[in-house]
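# Survey of secondary and tertiary structure
The primary structure of each chain is shown beneath.
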Number of protein chains: 2
Amino acid sequence: MAKVTRDDVARLAGTSTAVVSYVINNGPRPVAPATRERVQAAIKELGYRPDRVAQAMASRRTELIGLIVPDARQPFFGEMAHAVEQAAAERGKMVLVGNSDYVAEREVHYLRAFLGMRVSGLILVSHALNDNAAAEIDAWDARVVLLHERPEAIDDVAVVTDDIGGAQLAVRHLLEHGHPYVACLGGVAETPLVGDPVSDHVEGWRRAMQEARIPTEGRLFEAPYNRYDAYQVALELLAGPHRPPAIFCSTDDQAIGVLRAARELRIEVPEELAVAGFDDVKEAALTDPPLTTVATDRTAMARAAVDLVLDDGLRVPGSRRERVKLFPSRLVVRRSCGCR
Amino acid sequence: MAKVTRDDVARLAGTSTAVVSYVINNGPRPVAPATRERVQAAIKELGYRPDRVAQAMASRRTELIGLIVPDARQPFFGEMAHAVEQAAAERGKMVLVGNSDYVAEREVHYLRAFLGMRVSGLILVSHALNDNAAAEIDAWDARVVLLHERPEAIDDVAVVTDDIGGAQLAVRHLLEHGHPYVACLGGVAETPLVGDPVSDHVEGWRRAMQEARIPTEGRLFEAPYNRYDAYQVALELLAGPHRPPAIFCSTDDQAIGVLRAARELRIEVPEELAVAGFDDVKEAALTDPPLTTVATDRTAMARAAVDLVLDDGLRVPGSRRERVKLFPSRLVVRRSCGCR
DNA sequence: GCACGGTGCGGTACCGGTTCCGTACCAGGA
DNA sequence: TCCTGGTACGGAACCGGTACCGCACCGTGC
């Protein structure tokens, strides 16, 4: 069976192809109701589906948004990607997801691939935005918004959360339980990442410690941002001679690894080790003990990112448009910190 | 900065646009080395990137594979999607992932969207293939392969694993530990799904029980295929008056929920409750206790699916082409079953 | 009764590539 | 010298839509 094209529809409806086009996109010119109906009947009868590629070609637009994340298998990114898809779907757009696996070449690869597919915008939960890439993005005139990523350049459009403040909240809370100090499990920065929100979590820890006049030296440890590597690192740290009384992890996924290591070593959480994370992934409520963490409103952030990318700025009451949208983060107290 | 097109390159290189095309795709006609070099220099100088949309339009092909999964946030599907991406990348293709969230309309939505984008093939870890959809797929002449999905129609192309046999392996193993019976946590089938591999896991359980002449009545429980819902169901089941001595879960994600519920209820695994799952997701090695489960070779399966979708059949030694590729599944013994 | 403005639609140029067809050019053989 | 065959490239049709331009037809106002 050959593919049905607009020509077939036009022929059956007895109109020109232009009218078919006007009917399927409701514009740009009006169509008389009777004609419209004939066309719609023909579309239905033939089972016509417009060819997206041809539409994109002709209109120089698409209904696509490209999303680049480090690794969608990690709960935080998976949930974020899902939220973006939902938000995009609400506005009739589809999202294309690319996993960079934390390697810069793959980020650029996806960025180029998405641009070549004429996405109308890009949302980056990633670090691909160097000057070089920016010029290319510009040439294809796509819009970019950084999500969960601190903007570096003055004209970056971004949706961020209060990472430093959120981390401070968590660390202060841990401190209030009377621990002499709180250790921190930060990320491994093989390639120093600019604008990395997770490193802001470490900064928040540092500030909270400083407020309390507690030294931070030798209390910062590092592991990749996932549970498996964090588990390995924690195994060593917790079995060592300087086991901390409390630990703040820069992501929940790491915290999950720490919890697992503690169990392995028969260290009771929170009695012998208090733990807090960051992100409030869905699983944080189902760990044992449930994880105290810092939550951000992913749904709202995803929606804001989609709005920014599609509308070039967020509508705000004062009729101006904002280019950076900051969301608050809040502490979610469960049991791993020692409460209850 | 305006976008660089093939015309700009041709002008700078002093050739026709056709030659530019021949150079960038190495064919279909040969180009003299000197000319080729001039064109390549021009491409580099201008930073030219071919427009994928226009290429797709003109050539009626793309380098895209559409992948539809129920929910990539679930570890099994996430890992499978990742494996497919890897396999596709090895062959220079990109994959588009759609999450159906287990609803049929969304499957069809993505299917149509992907066809409209002229994907060269579709890999379904899903149930979208009804006759209606098949006709559409045919019209757009894309190829489809079912992955991890039992084929229903005689001409379906599929990559499957031995679900029934694998489940039998796990249940037999549980039985060998001397339990009087093994309960089963299957899936909820609101919409009866044809070809659902997970329901084959239940079938495997049934057969293993029958082999051992143990009745199955009242020993099959149901929960959606994820840890959160399984946790809720398990909480009730394990706290009830008929707590089973052992339970086989149709997915690892469910098993993780069961493990969590057992801990909550202070039921020791495996001493008071033996547990086994299916899939061998990465996390299965990191549960407490580590989960005994059934593994399949996701990497090989993904690669086979990509080969099938791109080559219309798998090359086999005997020069024939197979249309259904069956992979074995094997038992991975860890500690949740009671071993060691 | 005629000029005029508005509405509804057909014709068609164009988006940026691919690829067929044909031609110009050159070398070699008759 | 002329014809033949092969190679290297230019020209242009085409993919399936979008959207501009302009014409035909109608109703209205003077």
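Residues numbered from 1 in each chain as written. Chains lettered and ligands numbered in written order. Predicted model: local features only at pLDDT ≥ 70, side-chain atom pairs only at ≥ 80, totals over all residues. Heavy atoms only, no water.

## Here we look at helix H2 (residues 17-25) of chain B
Residues and elements named next belong to chain B. Val19, Val20 and Val23 are the residues of H2 that are buried. Buried positions in H2, seen along its axis, are confined to an arc of 105° and lie on one side of it. Where H2 is buried, its residues meet helix H1 (6-13) and helix H3 (33-46). One or two residues past the end of H2 sits Asn26, with phi positive at roughly 55°. (Buried < 20%, exposed > 50% of the residue type's maximum accessible area, 1.4 Å probe, protein only. Helix = DSSP H or I, 4+ residues; strand = E, 2+ residues; numbered from the N terminus. Arc of directions from axis to C-beta. Contact = heavy atoms within 4.5 Å.)

## Digging into the protein's contact with DNA strand D
Not every one of the 33 residues close to DNA strand D is listed here, only the nearest: Arg6, Ser21 and Tyr22 of chain A together with Ser16 and Thr35 of chain B. What you see for DNA strand D is that sugar and phosphate hold 57% of its atoms within 4 Å of the protein. Here Tyr22 of chain A contributes a side-chain N or O atom positioned 2.2 Å from a base nitrogen of DNA strand D. A distance of 2.9 Å separates a sugar or linking oxygen of DNA strand D from a polar atom in the side chain of Tyr48 of chain A. Those elements giving two or more residues to the surface near DNA strand D turn out to be helix H2 (17-25) and helix H4 (52-59) of chain A together with H2 and helix H4 (52-59) of chain B. Of the residues that constitute the surface near DNA strand D, the class distribution is 16 nonpolar, 10 polar and 7 charged. (Near = heavy atom within 4 Å. Polar contact = N/O pair within 3.5 Å; in protein donor to acceptor, adjacent residues only side chain to side chain. Nonpolar A, V, L, I, M, F, W, Y, C, P; charged D, E, K, R; others polar.)

## Remarks on the relation of the copies chain A and chain B
Rotating chain A by 180° and translating it 0.0 Å along the rotation axis places it on chain B, where the RMSD comes to 0.1 Å. Given the turn and translation reported, the copies of this chain are related as if by a two-fold rotation axis. When you check the interface residues of chain A against chain B, 100% turn up at the interface there too, and the contact is symmetric in its surfaces. (Least-squares fit on C-alpha atoms with pLDDT ≥ 70 in both.)

## Some thoughts on the interface of chain A and chain B
Contacts between the two partners involve 46 residues from chain A, matched on the other side by 46 residues from chain B. For the chain A and chain B pair, buried surface summed over both sides reaches about 4400 Å², with 61% attributable to carbon and sulfur atoms. By the criterion of area lost to chain B, the three top residues of chain A are Val53, Tyr228 and Leu286 of chain A, representing 15% of everything that side buries. Salt-bridge contacts for Arg263 of chain A lead to Asp288 of chain B; the nearest nitrogen and oxygen are separated by 3.6 Å. Our count for the contact surface shared by chain A and chain B stands at 20 residue pairs in polar contact (both at pLDDT 80 or more). For the side of chain A that touches chain B, the elements supplying multiple residues, two or more each, are H4, helix H5 (75-90), strand E2 (94-99), helix H6 (104-116), helix H7 (131-139), helix H10 (227-239) and helix H11 (252-264) of chain A. A class-by-class count of the residues in the side of chain A that touches chain B yields 21 nonpolar, 6 polar and 19 charged. (Buried area = accessible area lost by both parts, 1.4 Å probe. Salt bridge = Lys/Arg side-chain N within 4 Å of Asp/Glu carboxyl O.)

## Describing the pattern of salt bridges
Residue and element names in this part refer to chain B. In total, this model carries 42 salt bridges over all chains according to the counting rule given. Here Arg172 and Glu211 are joined by a salt bridge, their closest N and O atoms 2.8 Å apart. With Arg172 in helix H8 (residues 163-176) and Glu211 in helix H9 (residues 197-211), the pair connects residues that are 39 residues apart, well separated along the chain. Since its relative accessible area comes to 32%, Arg172 is described here as partly exposed.

## Focus: the protein's contact with DNA strand C
Taken together, 30 residues surround DNA strand C, and among them Ser16 and Thr35 of chain A together with Arg6, Ser21 and Tyr22 of chain B come closest. Among the atoms of DNA strand C lying within 4 Å of the protein, the sugar-phosphate backbone contributes 54%. Between DNA strand C and the protein, one listed contact pairs a sugar or linking oxygen with a side-chain N or O atom of Tyr48 of chain B at 2.9 Å. Measuring from a phosphate oxygen of DNA strand C, one finds a side-chain N or O atom of Arg61 of chain B at 2.7 Å. When contributions to the surface near DNA strand C are tallied by element, the ones reaching two or more residues are H2 and H4 of chain A together with H2 and H4 of chain B. Looking at the surface near DNA strand C residue by residue, the classes come out as 14 nonpolar, 10 polar and 6 charged.

## Considering the domain arrangement of chain A
Residue and element names in this part refer to chain A. In terms of domains, chain A is made up of domain 1 (6-50), domain 2 (64-161 + 299-327) and domain 3 (163-297). The interface is formed by 14 residues belonging to domain 2 together with 17 residues belonging to domain 3. Both faces considered, domain 2 and domain 3 share a buried interface measuring about 1500 Å² in area, 53% of it formed by carbon and sulfur atoms. Where domain 2 meets domain 3, there are 0 salt bridges. Looking at the side of domain 2 that touches domain 3, the elements with two or more residues in it are H5 and helix H12 (298-311). (Domains from an automatic or database assignment.)

## Some points on the packing of aromatic side chains
Enumeration over the complete set of coordinates arrives at 6 aromatic pairs over all chains. Residues Tyr102 of chain A and Tyr225 of chain A carry aromatic rings whose centres are separated by 6.5 Å and whose planes lie at 50° to one another, so their mutual orientation is tilted. With Tyr102 of chain A in the loop between E2 and H6 and Tyr225 of chain A in the loop between strand E7 (220-223) and H10, this residue pair connects regions lying 123 residues apart in the sequence. A relative accessible area of 36% means that Tyr102 of chain A is categorised as partly exposed. On the accessibility criterion, Tyr225 of chain A (11% relative accessible area) is buried. Geometrically, the ring pair formed by Tyr110 of chain B and Phe114 of chain B is tilted, given 5.7 Å between the ring centres and 40° between the ring planes. Pair noted here: Tyr110 of chain B and Phe114 of chain B are both in helix H6 (residues 104-116), with a separation of 4 residues, about one helical turn. Looking at Tyr110 of chain B, the relative accessible area reads 5%, which means it is buried. (Phe/Tyr/Trp six-rings, centres within 6.5 Å; stacked < 30°, edge-to-face > 60°.)

## Quick notes on the packing of helix H5 (residues 75-90) of chain B against helix H12 (residues 298-311) of chain B
All names here are of chain B. Viewed as axis vectors pointing N to C, H5 and H12 meet at an angle of 55°, and their least axial separation amounts to 8 Å. Looking at the two axes, H5 sits oblique to H12. Helix-helix and strand crossings are classified by hand; for H5 and H12 the assignment is right-handed. When H5 is examined against H12, the residues Phe76, Glu79, Met80, Ala83, Val84, Ala87, Ala88 and Glu90 are found in contact with a partner set consisting of Arg298, Thr299, Ala302, Arg303 and Val306. Residue composition of the contact of H5 with H12, by class: 8 nonpolar, 1 polar and 4 charged. (Axes fitted to C-alpha atoms, helices over the stretch in contact; angles between N-to-C directions. Parallel < 35°, antiparallel > 145°, perpendicular 65-115°, else oblique. Left-handed = near helix turned anticlockwise from the far one by under 90°.)

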